[in-house]
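Examining the three-dimensional arrangement
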Amino acid sequence: MRSTVFQCAALLLAALAAPVFAQQPPFPSKVVTVVSPFAPGSTDTILRPFVEKMGEFLGQPVILNYKPGAGGGVGAAFVAGSKPDGYTLVGTSIGSVVLGPIADKDSKYTLDSFTPVVAFAEGNLMLIVPGNSPHRTMKDLVEFSKKNPDKVTYGSSGAMGITHLLTEMLAKDAGVKWTHVPYQGSGPAITALLGGHVDAASTSAGSAQAHMKSGALRPLAVYSDTRMKGYPDVATLKELGYNVASPVVYGLLAPKGTPREVVEALHSAVKKVVAKHGDSIATNLAISGAEIKVMGPDEYGAYLRQQHQVYSDAIKHLNAGK
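Just so you know, these numbers come straight off a predicted model, no measurement behind them.

**Remarks on helix H9 (residues 260-287)**
- Relative to the 40 Å expected for 28 residues at 1.5 Å per residue, H9 spans just 34 Å between its end C-alpha atoms, considerably shorter than the ideal helical length.
- Of all the bends in H9, the largest measures some 85° and sits at His 277.
- Val 262, Val 263, Leu 266, His 267, Ala 269, Val 270, Val 273, Val 274, His 277, Gly 278, Ile 281 and Leu 285 are the residues of H9 that are buried.
- Trailing H9 by a residue or two, Gly 289 shows a phi angle of about 70°, which is positive.

In structure tokens form, the structure reads like this:
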């Protein structure tokens, strides 16, 4: 009799457990959303070649959703507060997930609010001016700025974002003062530059590419460690005597607590995208002044922590966090 009772109990437990397991299908079982925390025309130009092809290997669509604002903070905060199931990711450089929380003491998230998934590209930032600007070289701009403190204005992709902080680091190193005008992404900053609303802008190379090719905009210097292949005549800031350099790595992050198997599924999809479509993606990225650079979750996480330390020190030095 006791044996029969135990058997019935076991069958009942199995019946109760079955629906629970049925509610947890293999990842992914629905659309995956990648949030771009900046307006169209900036970060999304790097994300799109990868994001659009990930669905081929995941078996579900992967789409971009724009949530710009607060130097990338709006989109990053949205993802940080999302369910850690791999269906809501943020696609970004360090600007929104590293710099924002460092600079904003009231930020509702930190780098630790995320689980690094995969990095897939390295881009370049440039300091640019209008094609008809009287400042033909970096030397021209610095000399004018020293004679006219605070007169030069520059646009960035957002307050306390990477283009803002790097430009402030440059101004400090050059011994000049510039007036900052923040925008919600590189695209709007370039539009403002073209419209004559600011004198210069620090922006992703890809966002300004077409306008530089047409002559409407002119690059003065590159923020990276080496010159860009597409612009071999444009010197790095280090070559010009300024101790400022920061190549930009783009990747995907999920909310903290996302299961490792989900992270690995997403990482694997990106590796397969690169293996199959790498040549066409590389050509696409070259137009944006970027190149493929894949890092797994652990390597990407180490890179982000290193950048966190670099910019924490920089912000303290510049007193920009107050």
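**Re the confidence of the model for the chain**
- Confidence in the prediction of the chain, expressed as mean pLDDT, is 89, and 91% of residues score 70 or more.
- Across residues 17-22, where pLDDT falls below 50, the model places zero contacts with residues more than four positions away in sequence or in other chains.

**Details of the packing of aromatic side chains**
- Across all of its chains, the model carries five aromatic pairs by this definition.
- Between Phe 50 and Phe 120, the aromatic rings sit 4.3 Å apart at their centres with planes inclined by 20°, giving stacked as the arrangement. With a gap of 70 residues between them, Phe 50 in helix H2 (residues 44-58) and Phe 120 in strand S4 (residues 114-123) connect regions that are remote in the sequence.
- For Phe 50, a relative accessible area of 0% puts it in the buried group.
- Using a relative accessible area of 0% as the deciding quantity, one classes Phe 120 as buried.
- A cation over a ring is seen here: Lys 67 above Phe 78, with NZ or CZ 4.4 Å from the ring centre.
- Above the ring of Tyr 231, the side-chain terminus of Lys 213 is found at 5.1 Å from the ring centroid.

Criteria and thresholds
- Residues numbered from 1 in each chain as written.
- Predicted model: local features only at pLDDT ≥ 70, side-chain atom pairs only at ≥ 80, totals over all residues.
- Heavy atoms only, no water.
- Helix = DSSP H or I, 4+ residues; strand = E, 2+ residues; numbered from the N terminus.
- Expected span 1.5 Å × (residues − 1).
- Bend = angle between axes of the 7 residues up to and from the residue.
- Buried < 20%, exposed > 50% of the residue type's maximum accessible area, 1.4 Å probe, protein only.
- pLDDT = per-residue confidence, 0-100.
- Contact = heavy atoms within 4.5 Å.
- Phe/Tyr/Trp six-rings, centres within 6.5 Å; stacked < 30°, edge-to-face > 60°.
- Lys NZ or Arg CZ within 6 Å of the ring centre and 35° of its normal.

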